[in-house]
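# Reading the structure
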Amino acid sequence: MNTDKQIAGKITPRHQDYGQWYQDVIREGDLAQPAEVVKGCMVIKPHGFAIWEKIQAGLDRRFKATGHKNAYFPLLVPMSFIKREAEHVEGFAPELAVVTHAGGKELEESYVIRPTSETIIGHFFSQWVQSWRDLPLLINQWCNIVRWEMRTRMFLRTSEFIWQEGHTCHATHEEAQEETMRMLDVYAEFAQQVMSMPVLKGKKTESERFAGALATFSIEAMMQDGRALQAGTSHDLGQNFARAFNIKFQNKEGKEDFVWQTSWGVSTRLIGGLIMTHSDDNGLVLPPQLAPIHVAIVPIFKNDDEKIRVMNAVEKIAAELRALVYGRDNLSIEIDRREGLSPGAKYYHWERRGVPFRIELGPKDLDKSQVALKRRDGGEKLFIPMQAVSSKMLDLLEQFQNDLFVRAKKFRDENTVSVDSYPALVEAIQAQKFASVRWAGDVAFETKLKEIQATIRCVPLAAESDPGPCIFSGAPAQHRIIVAKNY
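Residues numbered from 1 in each chain as written. Predicted model: local features only at pLDDT ≥ 70, side-chain atom pairs only at ≥ 80, totals over all residues. Heavy atoms only, no water.

To continue, consider a nonpolar patch on the surface. A contiguous nonpolar patch, built from Y72, L75, L76 and Y111 and spanning about 350 Å² of accessible area, is present on the exposed surface. Locating Y72 in the fold gives a position in the loop between β3 (69-70) and β4 (76-78). (Patch = residues over 30% accessible without salt bridge, like charges linked within 9 Å, V, L, I, M, F, W, Y side chains within 5 Å. Areas by Shrake-Rupley, 256 points an atom, 1.4 Å probe, with all protein chains shown as cover. Salt bridge = Lys/Arg side-chain N within 4 Å of Asp/Glu carboxyl O. Helix = DSSP H or I, 4+ residues; strand = E, 2+ residues; numbered from the N terminus.)

Right under this line is the structure:
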């Protein structure tokens, strides 16, 4: 028997059950559904994939602007490749999906379905790099990934997901470090300017860094339940994979050396972050820069005469709006022409899908030469002169985009607290907040945090000097770190 939570159209309030709210928003927003015939996977529906396409296009432009080129590498990775870098295989072993048979026969060597591509890309990089003239080598790949998950949640953690992974080679460690931070900055700028999602840039601890890397950096965002979302990572790989795959080059002095590498990536997890940063109890809320539809126009009429009048006006407004350029593309306008539905049902439909603005136009509005305009994130309807709609829309969209960021940052700032004792830390975590604490680096603290289901999210790069006793050991500490529960 269905419960209220499972009824189509019903969205569970966030305060009642945040996890169910999240699933309800995805369903009602027509973003995705579980792929019940393939354990742990999901089907991304057209509306959800349109959001991903905008994310992909925006990031791809940024990657190419920083000199990177796209390539594609095999989905199947020889097991021997995975085993070459010891720390790497140990880190990924529990998540590997392995192909042992093909063509009706057992394979001489098993293949791993790509969990990440450092190893197979390293194999080909060893063929592509001979001289310092071949460097830097800046490659990006858009692909799917398989990491076997026992507990899944759509967009946030599924056995298969879509991502991009950048892989680069450099002549010096300094150049590789610069690349690592450059791409972290690209992610942070995209998250804040395009997703309207405030993030913290920081370094991961040794226990949290990518398996096989020298150092891992991330962007961390706060979701509306106070949990942290690791929204992107950038890794300084040092020479670990270069040594494992013999990626050598002759430097300007004529000496042979191993290259210095980086890798960095974001995934469809960003859509989960988008949902949990902005959406409300009425459904999906999308920042205009990522909305597949910017404006939905709902014509209102009762008879054929009214329909002709209203639709003529609607078509004119839609044409004017479609001629506007927002960002790099024309505005996307949808006229709701569906028959047999009440205006209220249509409002509900577009609200659930997160369309930033809805225009309503009926005979009474025509008589007043105005339209009714509704922002998705609430507030009163605005009544705008019909001839002014196109001249105001770009500013309205930009205001909406900015308001979402300001609101999300205010929420994060109000829910981040500085604490100086372990009991206060426990209280902050139980209250679903980010805790800023001093830490002297004792790894036993990270083990202790498991008791309260929290982790060190990052050592913020922008942290100012704040010397004082470590919250765990009492030893001198110079900076504060961020502790939180996470997805």
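As a packed pair, helix α1 (residues 18-28) and helix α8 (residues 269-278) sit with axes 11 Å apart at the nearest point and diverge in direction by 110°. Classified by the interaxial angle, the pair formed by α1 and α8 is roughly perpendicular. Considering only the axes of α1 and α8, their crossing is right-handed. Here α1 contributes Y18, W21, Y22, V25 and I26 to the contact with α8, which in turn contributes G272, I275 and M276. Taken together, the residues of the contact of α1 with α8 break down into seven nonpolar, one polar and no charged. (Axes fitted to C-alpha atoms, helices over the stretch in contact; angles between N-to-C directions. Parallel < 35°, antiparallel > 145°, perpendicular 65-115°, else oblique. Left-handed = near helix turned anticlockwise from the far one by under 90°. Contact = heavy atoms within 4.5 Å. Nonpolar A, V, L, I, M, F, W, Y, C, P; charged D, E, K, R; others polar.)

Mean pLDDT over the protein chain: 95, with 98% of residues reaching 70 or higher. Between residues 1-6, whose pLDDT stays under 50, and residues either more than four places distant or in other chains, the model counts eight contacts. (pLDDT = per-residue confidence, 0-100.)

Between two packed helices, the angle of one axis relative to the other and the distance separating the axes together describe the packing. With their axes 10 Å apart at the nearest point, helix α2 (residues 46-65) and α8 run at an angle of 110° to one another. What the angle tells us is that α2 and α8 run roughly perpendicular. Where α2 approaches α8, its residues G48, I51, W52, I55 and L59 are matched on the opposing element by L270, I271 and L274. Among the residues forming the contact of α2 with α8, the class breakdown is seven nonpolar, one polar and no charged.

A separate point is the environment of V426. Note on placement: V426 falls in helix α13 (residues 422-430). Remark: the alpha-carbon pair of V426 and V298, spanning 128 residues in sequence, is separated by 50 Å.

Our focus in this paragraph is the side chain of N415. Relative to the assigned elements, N415 resides in the loop between α12 (389-414) and β22 (416-418). The class for N415 is buried, based on a relative accessible area of 14%. Other than its neighbours up to four places away in sequence, N415 contacts M222, K433 and F434. (Buried < 20%, exposed > 50% of the residue type's maximum accessible area, 1.4 Å probe, protein only.)

A separate point is the side chain of E220. Examined against the element boundaries, E220 turns out to sit in strand β10 (residues 215-222). Residue class for E220 comes out buried when judged on its relative accessible area of 1%. In this structure the side chain of E220 is engaged in a polar contact, spanning 2.9 Å, whose partner is the side chain of K204. (Polar contact = N/O pair within 3.5 Å; in protein donor to acceptor, adjacent residues only side chain to side chain.)

The subject of this paragraph is helix α9 (residues 304-322). The end-to-end C-alpha distance of α9, which contains 19 residues, comes to 26 Å, matching closely the 27 Å that a straight helix rising 1.5 Å per residue would cover. Regarding α9, the residues found buried are V310, M311, A313, V314, I317, A318 and L321. Tucked into the core, α9 has its buried residues touching β15 (295-299), β18 (333-335), β19 (357-361), α11 (363-367), β20 (370-375) and α12. The opening residue of α9 is N303, an N-cap whose side-chain oxygen sits 3.2 Å from the backbone nitrogen of D305. (Expected span 1.5 Å × (residues − 1).)

The next subject is the packing of aromatic side chains. Tallied over the full model, the rule gives 14 aromatic pairs. Judged by centre distance (6.0 Å) and plane angle (75°), the rings of W52 and W142 are edge-to-face. One end of the pair, W52, is in helix α2; the other, W142, is in strand β7 (residues 137-146), with 90 residues separating them in the sequence. Of the two residues examined, W52 and W142, each falls in the buried class. Ring plane angle 35° and centroid distance 5.8 Å describe the contact between F73 and W128, whose orientation is recorded as tilted. Separated by 55 residues along the polypeptide, F73 in the loop between β3 and β4 and W128 in helix α5 (residues 118-128) bring together distant segments of the chain. W128 sits in the partly exposed class, given a relative accessible area of 37%. Sitting above the plane of the W132 ring, K252 keeps its charged end 4.9 Å from the centroid. Taking NZ or CZ as reference, R358 lies 4.2 Å from the ring centre of Y347, over its face. (Phe/Tyr/Trp six-rings, centres within 6.5 Å; stacked < 30°, edge-to-face > 60°. Lys NZ or Arg CZ within 6 Å of the ring centre and 35° of its normal.)

For the rest of this paragraph, the subject is the sheet that holds strand β9 (residues 200-203). Read from one edge of the open sheet, eleven strands run β3-β7-β8-β14-β11-β10-β9-β24-β27-β23-β22, paired in mixed fashion. The open sheet has two edge strands with one neighbour each: β3 and β22. In this sheet, strand β14 (residues 260-267) lies alongside strand β8 (residues 160-170) in antiparallel orientation, the contact comprising eight bridges. Bridge assignment links W163 to a residue of β14, and that residue is S267. Relative to β7, α2 is tilted by about 165°, and along the sheet it contacts β3, β7, β8 and β14. (Pairing = 2+ DSSP bridges.)

Take α12 next. When the terminal C-alpha atoms of α12 are compared, their 36 Å separation across 26 residues agrees well with the 38 Å that a helix rising 1.5 Å per residue should span. All of the buried residues along α12 are V389, S390, M393, L396, L397, F400, Q401, L404, A408 and R412.

Our focus in this paragraph is the pairing of strand β5 (residues 98-102). With four bridges joining them, β5 and strand β6 (residues 105-113) adopt antiparallel strand pairing. The partner of A102 across the bridge, within β6, is K105. Counted between consecutive antiparallel strands, the loop separating β5 from β6 contains two residues, among which G103 sits at a positive phi close to 60°.

This model, assessed by the stated rule, comprises 35 salt bridges. One salt bridge connects R438 with D420, and the closest N-O pair in it is separated by 3.2 Å. Here R438 is found in strand β23 (residues 434-438), whereas its partner D420 is found in the loop between β22 and α13, with 18 residues between them in sequence. You can call R438 buried: its relative accessible area is 12%. Taking relative accessible area as the criterion, D420 reaches 51% and is therefore assigned exposed.

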